[in-house]
Amino acid sequence: MNGRLSNATIAKLPAEVRVPSYDRNSVTPGIVHLGVGAFHRAHQAAYVDACLADGESNWGIVGVSLRSPDTRDALEPQDGLYTLAIRDSAGEQLQVIGSIQSLLVAPEDPSAVLAALIDPRIRIVTLTITEKAYLRAADGTLDGAHPDIVHDLANPGSPRTAHGFLAEALVRRRANGTPPFTVLCCDNLPANGATLHRLLIEFAKLRDADLARHVADDVPFPSSMVDRIVPATTDADRARIADELGVQDAWPVMTEPFRQWVIEDRFPAGRPAWERFGVTMVEDVGPFEDMKLRLLNGAHSGIAYLGLLTDHATVDRAFADPLIRQFVDRLWAEAVPTLPQDAGLDPIPYTAELADRFSNTALAHRTAQIANDGSQKLPQRIVASALARLEAGLLPEHLSLVVAAWIAACAARGGSLPQGHFTDPLDAALDDLFGRNLPMAETTAAVFDLVGFANGHPERHRLIEFVATHLVHFKQGGPKLAFAALGIGSEPPRRAE
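Residues numbered from 1 in each chain as written. Predicted model: local features only at pLDDT ≥ 70, side-chain atom pairs only at ≥ 80, totals over all residues. Heavy atoms only, no water.

## What to know about the overall build of the protein chain
Part 1 of the argument: Looking only at helices and strands, one finds 19 helices and 11 strands in the protein chain.
Part 2 of the argument: Computed over the C-alpha atoms, the radius of gyration of the protein chain is 23 Å, within 12% of the 23 Å expected from 2.2 N^0.38 for a compact globule of 497 residues.
Part 3 of the argument: Taken along the three principal axes of its C-alpha coordinates, the protein chain extends 70 × 55 × 45 Å.
Part 4 of the argument: Considering only contacts within the protein chain whose residues lie at least 6 apart along the sequence, 76% involve residues at least 24 apart.
Part 5 of the argument: Side-chain charges of the protein chain comprise 45 positive and 62 negative groups, with the mean position of each set lying 1 Å from the other. (Helix = DSSP H or I, 4+ residues; strand = E, 2+ residues; numbered from the N terminus. Rg over C-alpha atoms; globule rule 2.2 N^0.38 Å. Contact = heavy atoms within 4.5 Å. Lys, Arg positive; Asp, Glu negative; His and termini not counted. Charge placed at Lys NZ, Arg CZ, Asp CG, Glu CD.)

## Thoughts on the environment of Glu-168
Part 1 of the argument: Its location among the elements puts Glu-168 in helix α6 (residues 162-176).
Part 2 of the argument: Assessed through its relative accessible area of 8%, Glu-168 is described here as buried.
Part 3 of the argument: Separated by 234 residues in the primary sequence, Glu-168 and Val-402 place their C-alpha atoms 40 Å from one another. (Buried < 20%, exposed > 50% of the residue type's maximum accessible area, 1.4 Å probe, protein only.)

## Topic: helix α13 (residues 347-358)
Part 1 of the argument: Look at α13: 16 Å from first C-alpha to last across 12 residues, which is about the 16 Å you get at 1.5 Å a residue.
Part 2 of the argument: On its buried face, α13 sits against β8 (224-227), β10 (260-264), α10 (286-309), α11 (315-320) and α12 (322-335). (Expected span 1.5 Å × (residues − 1).)

## Topic: the nonpolar core
The nonpolar side chains of a soluble globular protein tend to be buried, and buried together.
Part 1 of the argument: Counting 64 residues, the largest nonpolar core has Leu-295, Phe-327, Trp-332 and Trp-406 as its most contacted members.
Part 2 of the argument: Contact partners of Leu-295, with chain neighbours within four places excluded, come to Trp-332, Ala-335, Val-336, Leu-339, Pro-347, Tyr-350, Thr-351 and Leu-354.
Part 3 of the argument: Residues Tyr-134, Ala-167, Ala-169 and Ala-204 belong to the second largest nonpolar core, which totals 39 residues. (Core = buried A, V, L, I, M, F, W, Y, C linked by side-chain atoms within 4.5 Å.)

## Quick look at the confidence of the model for the protein chain
Part 1 of the argument: Confidence in the prediction of the protein chain, expressed as mean pLDDT, is 94, and 97% of residues score 70 or more.
Part 2 of the argument: The low-confidence segment residues 491-497 (pLDDT under 50) makes 18 contacts with residues lying over four places distant or belonging to another chain. (pLDDT = per-residue confidence, 0-100.)

## Brief notes about unusual backbone geometry
Part 1 of the argument: The phi angle at Thr-130 is positive, at roughly 70°, despite the residue not being glycine.
Part 2 of the argument: Looking at Thr-130, the relative accessible area reads 34%, which means it is partly exposed.

## Quick notes on the sheet that holds strand β2 (residues 60-65)
Part 1 of the argument: Overall, parallel pairing links the 5 strands, which are arranged β5-β2-β1-β6-β7 in an open sheet. Looking at strand neighbours, the two that pair on one side only are β5 (100-105) and β7 (182-185), the edges of this open sheet. Across the sheet, the axes of successive neighbouring strands diverge by a mean angle of 20°, strand direction being ignored.
Part 2 of the argument: In this sheet, strand β6 (residues 124-127) lies alongside strand β1 (residues 29-34) in parallel orientation, the contact comprising 4 bridges. Across the sheet, residue Val-32 finds its bridge partner in β6, namely Val-125.
Part 3 of the argument: Packed on one face of the sheet, helix α4 (residues 110-118) meets β1, β2, β5 and β6 and runs near 140° to β5. (Pairing = 2+ DSSP bridges. Axes fitted to C-alpha atoms, helices over the stretch in contact; angles between N-to-C directions.)

## Points about the sheet that holds β10
Part 1 of the argument: Strand order in the open sheet formed by 3 strands is β8-β10-β11, and the pairing between neighbours is mixed. Bordering the open sheet on either side are β8 and β11 (280-282), each of which pairs with just one other strand. Strand after strand, the sheet turns through a mean of 15° between neighbouring axes, direction not considered.
Part 2 of the argument: Pairing between β10 and β11: 3 bridges, direction parallel.

## Let's talk about the packing of helix α7 (residues 192-207) against helix α8 (residues 209-218)
Part 1 of the argument: Here α7 crosses α8 at 165°, and the two axes come no closer than 7 Å. One element, α7, and the other, α8, form an angle in the roughly antiparallel class. The chirality of how α7 crosses α8 is right-handed. Between α7, through His-197, Leu-200, Ile-201, Ala-204, Lys-205 and Arg-207, and α8, the contact on the second element is made entirely by Leu-211, Ala-212, Val-215 and Ala-216.
Part 2 of the argument: Classifying every residue of the contact of α7 with α8 by side-chain character gives 7 nonpolar, 1 polar and 2 charged. (Parallel < 35°, antiparallel > 145°, perpendicular 65-115°, else oblique. Left-handed = near helix turned anticlockwise from the far one by under 90°. Nonpolar A, V, L, I, M, F, W, Y, C, P; charged D, E, K, R; others polar.)

Here's what the structure looks like:
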């Protein structure tokens with residue numbers, strides 16, 4: 001092995017490995033990205049890399065980790081370079097991505113992050129910080145009592161949260177006479193740009209009314225929809241990539257060939273020509289977002305929890321299970337009618353494409369990875385569709401089973417889930433609740449109360465009834481009985497108690 005992937009070793013890589021075709025020394029920063037994890041490196045950074053190769057040299061990325069130094073520690077010795085391994089059942093293509101110019105760790109040096117954000121060359125701030133990092137209360141508003149929010153309000157010059165960094169940077173840019181950047185959320189949140197805009201206005205109001213007006217009136221927050229499956233990198237992946245490259249890569253990223261990005265085109269300070277590389281620029285991203293959340297992400301959650309409960313470690317193995325496959329087809333049949341009907345969507349071919357992606361044996365996308373943070377993900381992935389069906393006088397039998405499977409999987413983590421542990425921000429409260437051994441109806445209602453599922457919705461009680469019935473089946477006979485109660489498989493259903 002001849003050293004580490006870097007600017008100095010990239011010319012020695014095998015000819016079949018794609019490498020940056022542009023002079024990285026001529027690239028200047030135009031984007032700060034908050035949350036520089038694997039998904040960003042497989043998705044937005046890869047799109048930007050293509051733009052840089054097309055001659056748009058003023059859109060380099062400054063990557064910021066808001067919590068852990070792990071990504072910086074892995075990539076800084078590699079000059080920000082890393083390998084993107086694009087895998088399907090037919091093989092693997094390796095591409096070295098060079099769009100990340102520098103990496104910062106916010107807890108170590110918040111002033112350096114603020115300095116990057118106020119650089120006049122920075123015109124876009126993108127975010128992939130996961131749903132829980134938006135620090136929303138149960139009703140969806142900003143959790144003003146969260147310790148990090150309290151800290152940021154008291155210490156604006158050394159923030160901890162995305163809200164604090166964005167607000168302070170906008171204050172300083174305005175004082176310097178620098179126009180505001182565009183804030184582009186790339187997380188799986190409903191109307192993610194509008195959601196982040198509202199949360200930042202709420203945060204700004206706690207600081208200063210004039211700042212809140214500035215955020216509300218002058219800062220663009222286009223919504224976007226992102227899609228690419230990115231499994232966690234394993235040590236076996238690192239070893240295989242190193243053998244193929246002839247050098248070590250501390251953190252390669254695994255992904256699938258498919259990728260999608262739909263963005264509302266509101267960038268007064270400019271943007272890369274993403275549309276040249278397959279990005280769809282639209283006026284309203286909402287319908288595309290709904291289709292992705294309810295069909296891809298909703299099915300992913302169902303596969304994850306049911307896969308864990310049936311001892312399937314990866315998505316492809318779970319999806320190959322005839323019972324789970326039949327369930328997913330029925331889940332899609334329930335979700336499709338809840339989508340906007342006049343938005344030009346084509347959900348049937350989309351689900352056929354999803355079936356091919358879920359069957360990709362090369363990705364080894366672990367069900368435990370997808371299962372994380374269900375209390376934050378299920379409201380938009382599953383609960384919204386279930387409530388829409390109830391409002392329309394339709395039954396959410398399969399959608400509600402996903403919620404039950406999440407509860408059953410959370411309750412089983414004490415030792416009966418052999419395929420991996422997953423976490424949730426409400427783990428302690430959930431474990432305490434499960435320890436009470438309440439009847440299923442009471443357990444379900446208590447979980448809904450704890451998480452805030454369907455709060456205030458007139459159909460909330462009916463949805464709780466559906467979920468509680470599924471939970472009884474899970475308790476009596478596991479997923480097989482829960483499936484049989486829906487007519488999936490051959491075992492006749494037993495009456496729920």
